[in-house]
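Below, each chain spelled out in residue letters.
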There are 2 protein chains.
Amino acid sequence: MKQVKVSNNVIRRLPRYLRKLDELSENGVDKISSRQLGEQLGLTSSQVRQDFNCFGEFGQQGYGYNVLALREQIAGILGMDRGFRAILIGVGNIGRALMENFCFDDWGVRLAAAFDIKPALIGTEYKGVKIYSMEELESYLENNQVNIAVLTVPKAAAIPVTERLTAGGIDAIWNFTNVELTEPNSSTIVENVHFSDSLLSLSYFVAERCDEKAAREEQ
Amino acid sequence: MKQVKVSNNVIRRLPRYLRKLDELSENGVDKISSRQLGEQLGLTSSQVRQDFNCFGEFGQQGYGYNVLALREQIAGILGMDRGFRAILIGVGNIGRALMENFCFDDWGVRLAAAFDIKPALIGTEYKGVKIYSMEELESYLENNQVNIAVLTVPKAAAIPVTERLTAGGIDAIWNFTNVELTEPNSSTIVENVHFSDSLLSLSYFVAERCDEKAAREEQ
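Below you will find a few notes about this structure. Keep in mind the model is a prediction, meaning the values are calculated, not measured.

## Quick word on the sheet that holds strand E4 (residues 109–116) of chain B
Residue and element names in this part refer to chain B.
Working step 1: Read from one edge of the open sheet, 7 strands run E5-E6-E4-E3-E7-E8-E9, paired in mixed fashion. Bordering the open sheet on either side are strand E5 (125–126) and strand E9 (189–192), each of which pairs with just one other strand.
Working step 2: Relative to strand E6 (residues 129–133), E5 runs antiparallel, the two being bridged by 2 bridges. Residue Glu125 lies in a different strand from E6, and its bridge partner there is Lys130.
Working step 3: In the packing of helix H7 (residues 155–167) onto the sheet, contacts are made with strand E3 (84–89), strand E7 (148–151) and strand E8 (172–175), and the angle to E7 comes to roughly 170 degrees.

Have a look at this one:
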């Protein structure tokens, strides 16, 4: 049973556990201790146990976790068995890269349709997904179950398209636009993918490394 | 002055502050209080002050922060003024999307070269960046300052290419391959971009929302 409020840090670690368990199972590993799992992910065994305790009892004292069973439980917690459906808005470079390379199905999400404004694209299919005109967005949302909108439009379109999506009752936006969409009073769930945040964190650590090197050389 | 060890959460918030300050400055705002800045980012004012205190005194009691000055200080902390240079390995969909749409220069990083194995690409330029053969990787690393490798190769190539990069003395890898590269004993800094982690966190929140709705309807 899901507890009421699990910390954001725990939620962010769940997909990492899932990937690691997939990898272990591919390598024929069928059980693992919290210590071993932690070691492979740079976490302590007590952190691993605490994370899973948020959702109930998973392992067995002294035996460890059954890899496949734990994988299924985490997949369930992450909503991968809910049959969520997504649409993608903006079939540009990043939109196409996602449609071509990102296996939505592997993560339990069905990419059901794409939308664009370019007349040449409308009515065509890309990687098995039909591309609709942006004018059809509202009627599509009215007539189909859509949980997640993947937002891959140019910056200038980010806010107006978000307004149309929220007016259309969308639950969640997976935002690749680099535009901050979060409004304090909006009930829409927004997950931002900011490549720059990731690069800048990396840059921070590189700078720190350079400073450490310089300090060592000064000594 | 940078303090020795700043928590990962603080480091992850710095790029968000930077983006917000850029936005404020574009909108003509020249000073802002910690309370206002926090409100716009969903943080408390004391969290904002604590974050900046990790790096020294930034604001002035009762006056707030000068937007441009704070922006410059954060940019400096993030290493944006260090002249870091990057190479991109793997000019496929995601590699091309980054080369076309991601402004490395805006974040203080110079994308100096790209590498691929496809003969048709080698020797050509894409968006002003020359594409080299993978065979030239080692000699390029030897003869040029490279701080960051952007890894956009297919999954199967992720580990072998990483081994060549670390052997070549690279500081940091920006990893788009969905393959876990982190080795406990490696000194290479790895920043993983896992689209699936982001989608699954979103999926978790959508599932939570669904459960809350269902619980309300049962009452």
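## Quick word on the packing of helix H1 (residues 8–26) of chain B against helix H4 (residues 67–77) of chain B
Residues and elements named next belong to chain B.
Working step 1: Contact geometry of H1 with H4 gives a least axis separation of 9 Å together with a crossing angle of 150 degrees. Here H1 lies roughly antiparallel to H4, going by the angle between them. The chirality of how H1 crosses H4 is left-handed. Contacts between H1 and H4 pair Leu14, Tyr17, Leu18, Leu21, Asp22, Leu24 and Ser25 from the former with Val67, Leu68, Leu70, Arg71, Ile74, Ala75 and Ile77 from the latter.
Working step 2: Taken together, the residues of the contact of H1 with H4 sort by class into 11 nonpolar, 1 polar and 2 charged.

## Comments concerning the packing of aromatic side chains
Working step 1: All chains considered together, the criterion is met by 25 aromatic pairs over all chains.
Working step 2: Ring centres 4.8 Å apart and planes at 70 degrees place the aromatic pair A:Trp174 and A:Phe176 in the edge-to-face group. A:Phe176 shares its class with A:Trp174; the two are buried.
Working step 3: The positively charged end of B:Lys127 is found above the aromatic ring belonging to B:Tyr126, 5.9 Å away from the centroid.

## With respect to the nonpolar core
Working step 1: If you look at the biggest cluster of nonpolar residues, it comprises 107 residues, and the most contacted ones within it are A:Trp174 and B:Trp174.
Working step 2: Top element by residues in this core is helix H8 (residues 195–218) of chain B. It accounts for 8 residues.

## Points about the pattern of salt bridges
Residues and elements named next belong to chain A.
Working step 1: Per the counting criterion, the structure on display carries 22 salt bridges over all chains.
Working step 2: Notably, a salt bridge pairs Arg164 with Glu138, separated by 2.8 Å at the nearest N-O pair. Here Glu138 lies in helix H6 (residues 137–143) and Arg164 lies in helix H7 (residues 155–167), a separation of 26 residues in the sequence.

## Re the side chain of B:Asn93
Working step 1: Examined against the element boundaries, B:Asn93 turns out to sit in helix H5 (residues 93–101).
Working step 2: A distance of 2.6 Å separates polar atoms of two side chains, one belonging to B:Asn93 and the other to A:Glu100.
Working step 3: Leaving out residues up to four positions away in the same chain, B:Asn93 has contacts with A:Ala97, A:Glu100 and A:Asn101.

## Section: the packing of helix H2 (residues 34–41) of chain B against helix H3 (residues 45–53) of chain B
All names here are of chain B.
Working step 1: As a packed pair, H2 and H3 sit with axes 7 Å apart at the nearest point and diverge in direction by 105 degrees. With respect to each other, H2 and H3 are oriented roughly perpendicular. Facing Ser34, Arg35, Leu37 and Gly38 of H2, the residues of H3 in contact are Ser45, Val48, Arg49 and Phe52.
Working step 2: Taken together, the residues of the contact of H2 with H3 break down into 3 nonpolar, 3 polar and 2 charged.

About the cut-offs
- Residues numbered from 1 in each chain as written.
- Chains lettered and ligands numbered in written order.
- Predicted model: local features only at pLDDT ≥ 70, side-chain atom pairs only at ≥ 80, totals over all residues.
- Heavy atoms only, no water.
- Pairing = 2+ DSSP bridges.
- Helix = DSSP H or I, 4+ residues; strand = E, 2+ residues; numbered from the N terminus.
- Contact = heavy atoms within 4.5 Å.
- Axes fitted to C-alpha atoms, helices over the stretch in contact; angles between N-to-C directions.
- Parallel < 35°, antiparallel > 145°, perpendicular 65-115°, else oblique.
- Left-handed = near helix turned anticlockwise from the far one by under 90°.
- Nonpolar A, V, L, I, M, F, W, Y, C, P; charged D, E, K, R; others polar.
- Phe/Tyr/Trp six-rings, centres within 6.5 Å; stacked < 30°, edge-to-face > 60°.
- Buried < 20%, exposed > 50% of the residue type's maximum accessible area, 1.4 Å probe, protein only.
- Lys NZ or Arg CZ within 6 Å of the ring centre and 35° of its normal.
- Core = buried A, V, L, I, M, F, W, Y, C linked by side-chain atoms within 4.5 Å.
- Salt bridge = Lys/Arg side-chain N within 4 Å of Asp/Glu carboxyl O.
- Polar contact = N/O pair within 3.5 Å; in protein donor to acceptor, adjacent residues only side chain to side chain.

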